[in-house]
Amino acid sequence: MGRIIAIANQKGGVGKTTSSVNLSACLAYLGKKVLLIDIDPQGNATSGVGVNKGDVDQCIYEVLIDDVDVKDTIMETKVENLHVVPATISLAGAEIELVSTMSREVRLKTALQEVKEMYDYIIIDCPPSLGLLTINSLTASDAIVIPVQCEYYALEGLSQLLSTVRLVQKHLNHDLEIDGVLLTMLDARTNLGLQVIEEVKKYFQDKVYRTIIPRNIRLSEAPSHGEPIIIYDPKSRGAEVYLDLAREVIRNG
Ligand SMILES: Nc1ncnc2c1ncn2[C@@H]1O[C@H](COP(=O)(O)OP(=O)(O)OP(=O)(O)O)[C@@H](O)[C@H]1O
Ligand SMILES: [Mg+2]
């Protein structure tokens, strides 16, 4: 049975997509069968694994709104063992259209029942909001990974995210666990980054991944080539740390 993991934080630019793409690719590199689901209208995870949005016929929008079978939207990527359900800008309308839809919070969960057996991991790249797309993702997931940028204001908004997680656990998905907080974009030369690590560890304790993602220029270059880091520059520090994270995620179950 595949483990479904949502990568979520309503704060923008904290490393959700970078982590979704590279964790997925590294899990696949380690021999796991992985499905990456892009549920952000920006479609950055889609292009990040080399899918040209112009080639997308049906995306996650049709799955959520038109009841299209998710199997009919799955595309191959440059990485062996890694498939993607893409997102295009059409998804921007879904947040509003879902409001008046029957079972609006459980549409993704229902859709994924069909493919859960086919993969070891299903990773969902969430948009920077706590709207129905993120609620659908949390409702469908076994676990949430929360990327937190090692910067000032890092913890801002986390209490709102955690209360959303608690509401989903109470009303929609009793099984949802916080798998971990992932510290991202650390600049180890600054005291600030180290202070944020301390603070996050004090608050989340053993829920913080041991792997900390440093700032790495190769990680920021890779998306413009449509390649996960493990293909773009497998010897880079970025590739090393996301492989470490993938191993940690596998160990966590
Ligand atoms: N470890 C890193 N080192 C250097 N650059 C990074 C790193 N992680 C992410 N970035 C860059 O930071 C920017 C934001 O990252 P990313 O797109 O992953 O965040 P996000 O949380 O998905 O953003 P959004 O909320 O808009 O979806 C991107 O330009 C990305 O390339
Ligand atoms: Mg993103």
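Residues numbered from 1 in each chain as written. Chains lettered and ligands numbered in written order. Predicted model: local features only at pLDDT ≥ 70, side-chain atom pairs only at ≥ 80, totals over all residues. Heavy atoms only, no water.

The name recorded for the protein chain in an unreviewed UniProt entry is Sporulation initiation inhibitor protein Soj, from Planococcus koreensis. Taken from UniProt, the Catalytic activity (unreviewed entry) comment for the protein chain reads in full: "ATP + H2O = ADP + phosphate + H(+)". (UniProt positions renumbered as here; feature names shortened; annotations may be inferred.)

Description of the overall build of the protein chain
Looking only at helices and strands, one finds 11 helices and seven strands in the protein chain. The C-alpha atoms of the protein chain give a radius of gyration of 17 Å, which matches the 18 Å a tight globule of 253 residues would have. Each of the three principal axes of the protein chain carries a C-alpha extent, and together these read 50 × 40 × 30 Å. Residues classed as buried in the protein chain amount to 56% of the 253 residues present. Restricting to contacts in the protein chain with at least 6 residues of sequence separation, those with at least 24 account for 79%. Here the protein chain contributes 25 positively and 34 negatively charged side chains, and the mean placements of these two sets differ by 7 Å. (Helix = DSSP H or I, 4+ residues; strand = E, 2+ residues; numbered from the N terminus. Rg over C-alpha atoms; globule rule 2.2 N^0.38 Å. Buried < 20%, exposed > 50% of the residue type's maximum accessible area, 1.4 Å probe, protein only. Contact = heavy atoms within 4.5 Å. Lys, Arg positive; Asp, Glu negative; His and termini not counted. Charge placed at Lys NZ, Arg CZ, Asp CG, Glu CD.)

A look at the UniProt feature "domain: AAA" (unreviewed entry) in the protein chain
UniProt annotation of "domain: AAA" (unreviewed entry) refers to residues 3-178 when read in the numbering used here. In this annotation, residues 3-178 is assigned 36% helix and 17% strand; the end-to-end C-alpha distance for the span is 13 Å.

Section: the sheet that holds strand β2 (residues 34-38)
The pairing of strands in a sheet comes from backbone hydrogen bonds and takes either a parallel or an antiparallel form. In space, the seven strands of this open sheet follow the order β3-β4-β2-β5-β1-β6-β7, with mixed pairing throughout. Across the chains shown, the open sheet's two edge strands, defined by having one partner strand only, are β3 (75-76) and β7 (177-184). Alignment of β3 against strand β4 (residues 82-85), held across two bridges, turns out to be antiparallel. Within the sheet, the bridge partner assigned to Glu76 lies in β4 and is His83. Across the sheet, helix α8 (residues 191-204) lies against β6 (143-149) and β7, angled at about 170° from β7, the strand it touches most. (Pairing = 2+ DSSP bridges. Axes fitted to C-alpha atoms, helices over the stretch in contact; angles between N-to-C directions.)

Some details on the packing of aromatic side chains
For any pair of aromatic rings, geometry is given as the distance between the ring centres together with the angle between the planes. Taken as a whole and assessed by the stated rule, the structure comprises two aromatic pairs. Look at Tyr152 and Tyr153: their rings are 4.7 Å apart centre to centre, the planes differ by 50°, and that puts the pair in the tilted class. Taking 4.9 Å as the distance between ring centres and 75° as the angle between the ring planes, the aromatic pair formed by Tyr203 and Phe204 counts as edge-to-face. Looking at Phe204, the relative accessible area reads 8%, which means it is buried. (Phe/Tyr/Trp six-rings, centres within 6.5 Å; stacked < 30°, edge-to-face > 60°.)

Things to note about the packing of helix α1 (residues 16-29) against helix α11 (residues 237-251)
For the pair α1 and α11, interaxial distance at closest approach is 8 Å and the crossing angle is 70°. It follows that α1 is roughly perpendicular to α11 by the angle criterion. Residue-level inspection shows Thr18, Ser19, Asn22, Leu23, Cys26, Leu27 and Tyr29 of α1 in contact with α11, the latter providing Ala239, Tyr242, Leu243, Leu245, Ala246, Val249 and Ile250. Of the residues in the contact of α1 with α11, the class split is 11 nonpolar, three polar and no charged. (Parallel < 35°, antiparallel > 145°, perpendicular 65-115°, else oblique. Nonpolar A, V, L, I, M, F, W, Y, C, P; charged D, E, K, R; others polar.)

A short note on α1
Taking 1.5 Å per residue as the helical rise, α1 with its 14 residues ought to reach 20 Å, and the 20 Å between its terminal C-alpha atoms agrees with that figure. Within α1, 12 of the 14 residues are buried, which leaves it mostly tucked inside the rest of the structure. Taken residue by residue, α1 has Lys16, Thr17, Ser19, Ser20, Val21, Asn22, Leu23, Ser24, Ala25, Cys26, Leu27 and Ala28 as its buried positions. In the segment just after α1, Gly31 is the residue with positive phi, at about 100°. (Expected span 1.5 Å × (residues − 1).)

Concerning the site of ligand 1
In the neighbourhood of ligand 1, 17 residues make up the surrounding shell, with Lys16, Thr17, Thr18, Pro214 and Asn216 lying closest. In this structure, an oxygen atom belonging to ligand 1 sits 2.8 Å away from a side-chain N or O atom of Lys16. Contact distances for ligand 1 include 2.6 Å between an oxygen atom and a side-chain N or O atom of Thr18. Protein chains shield 80% of the accessible area of ligand 1, which is 630 Å² for the free molecule. The site holding ligand 1 turns out to be the largest pocket. Going through the elements one at a time, α1 and α9 (217-221) are the ones with two or more residues in the shell around ligand 1. Among the elements that line the shell around ligand 1, the one with the most residues is α1, at three residues. For the shell around ligand 1, a count of residues per class yields six nonpolar, eight polar and three charged. (Near = heavy atom within 4 Å. Polar contact = N/O pair within 3.5 Å; in protein donor to acceptor, adjacent residues only side chain to side chain. Areas by Shrake-Rupley, 256 points an atom, 1.4 Å probe, with all protein chains shown as cover. 1 Å grid on protein atoms, 1.4 Å probe; cavity = no way out; pocket = protein on both sides within 12 Å on 5 of 7 lines; lining within 4 Å. Sits in = over half its atoms within 2 Å of the grid points.)

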